[in-house]
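Given next are the chains, with one letter for each unit.
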Amino acid sequence: MKILKIPKQNLDLFVAVLPAFGEVYAPVRRGKGFAFDRPALWSDVQMSYPRTILPPKKFLLPPREATFAFNPREGYRDLLEEAAKPIVLFGVHAYDIFGLNILDRVFSQGKYVDPYYAARRRNTAIVGVAFEPDDKHFAYSMNADFVDSGFDLFLSDIGEDYLVLVGTSRGDDMVLMSGCLLREPTEADFAEYKRRSSLRRSAYRIRLELGELPEILEMEYHSKVWEEMGERCLSCGSCSAVCPTCYCFDINDELELAPGTGSRIRSWDSCLFKTHALVAGGENFRSSRASRIKFRYYHKQRGFVAEYGRPSCVGCGRCATTCPAKIDIVTVIETIRGERNESSSSVTATA
Amino acid sequence: MSESKTVLIIDDDRDFVTAIESLLQCSGYQVRSAFSGREGLHLARTLRPDLILLDVMMTERTEGFFMLQEARRIPELSQTPVIVISSIYADQPIFRVSPEAGWLPANLFLPKPVDPARLLAEVRRLTEVACPEISHATAGRSES
């Protein structure tokens, strides 16, 4: 892997030439939070932010998309081309890149390739940036605080400069395009990189033990914790919406007034919604809130491990910061593991 | 037919704006001016000019680049001819990325200080063509 550095003071010039690779989206302020959006000025770009409200999955698996249109005269018209617009995601944290790598396994590396996701992923350049963990991050525990693939460039703060890891040939093209803005790093730069990486790891305030968790979940299938959580959960689906790896979607045909004319719409769904397991005939396999929230935990921490060898959680902390009922995944797992007393308050965030 | 053409100048250097305004008005153009990228973008959307003369280094040194990218996303401005006039290559020697490298969606890049006769000729050329080509691959000629 090629390693370079760029002075912080020249990063604005570097970002100015990135549109050669697609429309640039970067973390910008949105109300009290942050969101990936188009910066109107370089000063809009936030290089240091805790987390965005929505993860970058919104670009690859949009909340709502038309997959194809149909009418009796033309038949089906695939809208794949519209999905393939090149974009650059600048300033993505490692756990979010890890989340995209997990989505890759589901949508573009499995038996069935989703052409819409795959086209977007192919046409999305990613420039990552290292982050400082706050009191909700536990990416280190999920082994998602560092990525060695899934990005084109990755920037790490080393003081006056950013150390730049070049991850792909497209990343190399970005370096070539930017002329003399990037330079060779020195031994002192590498030492500073290692020093800051170590500090970053030690800055995590949450250490979550994941060993034997699938087995423990199996043992705790009938735990009263799930009923307690069901009492608290509002089934709003916020945790799914902000999760970098939740990928459930629904399909509907939207019809126009002309007969046989319309489009097929894919939109985000959530296993917390009451209709998620509702099937024809009115049977609902998960009609209670407790069963739905339990399903979410079992899918992420147990089912995904069986299927893909690791949990689908990346430790970004979005679900804990977003949940209106203050249900905190870390507290839930610690309770299930018997590391906390089971009580009605045990599954909520303490902060 | 240049009498009816409207040129929007976006530049924070008021002396430069005044000088170019005079030059263009004497040549029969209607001229409007803005002194920042944000103001310029707002004016461009409402004015729908026939040509934009755009500075780069304003409040921020890449302001014009960001403004131009945003303008190209707006359907009514996506094809508007733009001449970028900037001293960025002289002021920022580290920045050696040629406009011809395909990242700058402008019709032409002219370095400051600009030759008035050359500028006027390019303004005439770009306002007289019904729909001048904007090439991301070769974003106009540059002069060193």
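Heads up: the structure comes first, above all this text.
Residues numbered from 1 in each chain as written. Chains lettered and ligands numbered in written order. Predicted model: local features only at pLDDT ≥ 70, side-chain atom pairs only at ≥ 80, totals over all residues. Heavy atoms only, no water.

Some remarks on the packing of aromatic side chains
- A full pass over the atoms with the stated rule returns 22 aromatic pairs over all chains.
- Both rings, one in Tyr89(B) and one in Phe109(B), keep their centres 5.2 Å apart while their planes meet at 80°; by these two values the pair is edge-to-face. Residue Tyr89(B) is found in helix H4 (residues 88-91), and its partner Phe109(B) is found in strand S5 (residues 108-111); the two are separated by 20 residues along the sequence.
- Its relative accessible area of 25% is what places Tyr89(B) among the partly exposed residues.
- Counting every residue linked through ring pairs, the aromatic cluster contains Phe65(B), Tyr89(B), Phe95(B), Trp103(B) and Phe109(B).
- Above the plane of the ring of Phe249(A) lies Arg266(A), whose end atom (NZ or CZ) is 4.6 Å from the centre. (Phe/Tyr/Trp six-rings, centres within 6.5 Å; stacked < 30°, edge-to-face > 60°. Helix = DSSP H or I, 4+ residues; strand = E, 2+ residues; numbered from the N terminus. Buried < 20%, exposed > 50% of the residue type's maximum accessible area, 1.4 Å probe, protein only. Lys NZ or Arg CZ within 6 Å of the ring centre and 35° of its normal.)

Section: the interface of chain B and chain A
- Listed per partner, the contact involves 18 residues of chain B and 22 residues of chain A.
- Between chain B and chain A lies a buried interface of about 1,900 Å² when both sides are counted; carbon and sulfur atoms form 62% of it.
- At the boundary of chain B and chain A, one finds 3 salt bridges.
- Residue Arg73(B) pairs with Glu23(A) through a salt bridge whose shortest N-O separation is 2.8 Å.
- Where chain B touches chain A, the interface holds 7 residue pairs in polar contact (both at pLDDT 80 or more).
- At 6 residues, helix H3 (residues 63-73) of chain B tops the list of elements feeding residues into the side of chain B that touches chain A. (Contact = heavy atoms within 4.5 Å. Buried area = accessible area lost by both parts, 1.4 Å probe. Salt bridge = Lys/Arg side-chain N within 4 Å of Asp/Glu carboxyl O. Polar contact = N/O pair within 3.5 Å; in protein donor to acceptor, adjacent residues only side chain to side chain.)

Some words on the environment of Phe36(A)
Residue and element names in this part refer to chain A.
- Turning to its location among the elements, Phe36 is positioned in strand S3 (residues 33-37).
- Counting along the chain gives 124 residues from Phe36 to Glu160, while the straight-line C-alpha distance between them is 25 Å.
- Once residues within four sequence positions are removed from consideration, Phe36 is found in contact with Tyr25, Ala26, Pro27, Tyr49, Thr52, Leu54, Pro56, Lys58, Phe59, Phe90, Gly91 and Val92.

So, the side chain of Asp134(A)
Residue and element names in this part refer to chain A.
- Turning to its location among the elements, Asp134 is positioned in the loop between strand S7 (124-129) and strand S8 (153-157).
- Reaching out from Asp134, the side chain makes a polar contact with the side chain of Arg51 at a distance of 2.9 Å.
- From its side chain, Asp134 meets the backbone nitrogen of Lys136 in a polar contact 2.9 Å long.
- Each residue touching Asp134, except ones within four places of it in the same chain, is listed here: Pro50, Arg51 and Arg205.

With respect to the pairing of strand S9 (residues 161-166) of chain A
All names here are of chain A.
- Burial runs high along S9: 6 of the 6 residues are buried.
- In terms of strand pairing, strand S1 (residues 2-7) meets S9 through 6 bridges, oriented antiparallel. Among the inter-strand pairings, Lys2 is bridged to a residue of S9, identified as Val166.
- Bridging between S8 and S9 involves 5 bridges; their strand directions are antiparallel. Across the sheet, residue Asp157 finds its bridge partner in S9, namely Tyr162.
- Between S8 and S9, which pair antiparallel one after the other, the connecting turn spans 3 residues, and Gly159 there sits at a positive phi close to 110°. (Pairing = 2+ DSSP bridges.)

Considerations on the pattern of salt bridges
All names here are of chain A.
- For the structure shown, the criterion picks out 31 salt bridges over all chains.
- Between Asp328 and Lys136 there is a salt bridge, with its nearest N and O atoms 3.6 Å apart. Residue Asp328 is found in the loop between helix H12 (318-322) and helix H13 (329-336), and its partner Lys136 is found in the loop between S7 and S8; the two are separated by 192 residues along the sequence.
- Using a relative accessible area of 13% as the deciding quantity, one classes Lys136 as buried.
- A salt bridge links Arg196 to Asp157, with the nearest nitrogen and oxygen atoms 3.7 Å apart. Note that Arg196 is positioned in helix H7 (residues 187-202) and Asp157 in strand S8, a separation of 39 residues in sequence.
- Sharing partners across several salt bridges, the network here consists of Lys8, Asp157, Glu192, Arg195 and Arg196.

Some points on the pairing of strand S1 (residues 6-10) of chain B
Residue and element names in this part refer to chain B.
- Of all the 5 residues making up S1, 5 are buried; the element is thus mostly covered by neighbouring parts of the structure.
- Side chains of S1 alternate between two faces, with Thr6, Leu8 and Ile10 and Val7 and Ile9 buried alike.
- The pairing of S1 with strand S2 (residues 30-34) spans 5 bridges and is classified as parallel. Its bridge partner lying in S2, Thr6 is registered against Gln30.
- Handedness of the crossover is the feature at issue here: the chain leaves S1, passes through helix H1 (residues 14-26), returns alongside S2, and the resulting connection is right-handed.
- Where S1 meets strand S3 (residues 51-54), 4 bridges bridge the pair, whose relative direction is parallel. (Right-handed = clockwise from strand over helix to strand, strands pointing away.)

Some details on the sheet that holds S8(A)
Residues and elements named next belong to chain A.
- As summarised here, the arrangement of the 7 strands in space is S1-S9-S8-S7-S6-S2-S3, forming an open sheet in which the pairing is mixed. Edge positions in the open sheet fall to S1 and S3, since each of these has one partner strand only. The sheet shows a mean angle of 25° between the axes of neighbouring strands, direction not considered.
- Bridging between strand S2 (residues 23-30) and S3 involves 5 bridges; their strand directions are antiparallel. (Axes fitted to C-alpha atoms, helices over the stretch in contact; angles between N-to-C directions.)

Some remarks on H7(A)
Residue and element names in this part refer to chain A.
- The terminal C-alpha atoms of H7, which comprises 16 residues, lie 23 Å apart, in line with the 22 Å expected from a rise of 1.5 Å per residue.
- Among the residues of H7, Asp189, Glu192, Tyr193, Ser197 and Arg200 are the ones counted as buried. Buried residues in H7, looked at end-on, bunch into an arc of 135°, giving them a common side. Away from its buried face by more than 90 degrees, H7 exposes Glu187, Ala188, Lys194 and Ser202.
- In this structure, the buried side of H7 is in contact with S1, S8 and S9. (Expected span 1.5 Å × (residues − 1). Arc of directions from axis to C-beta.)

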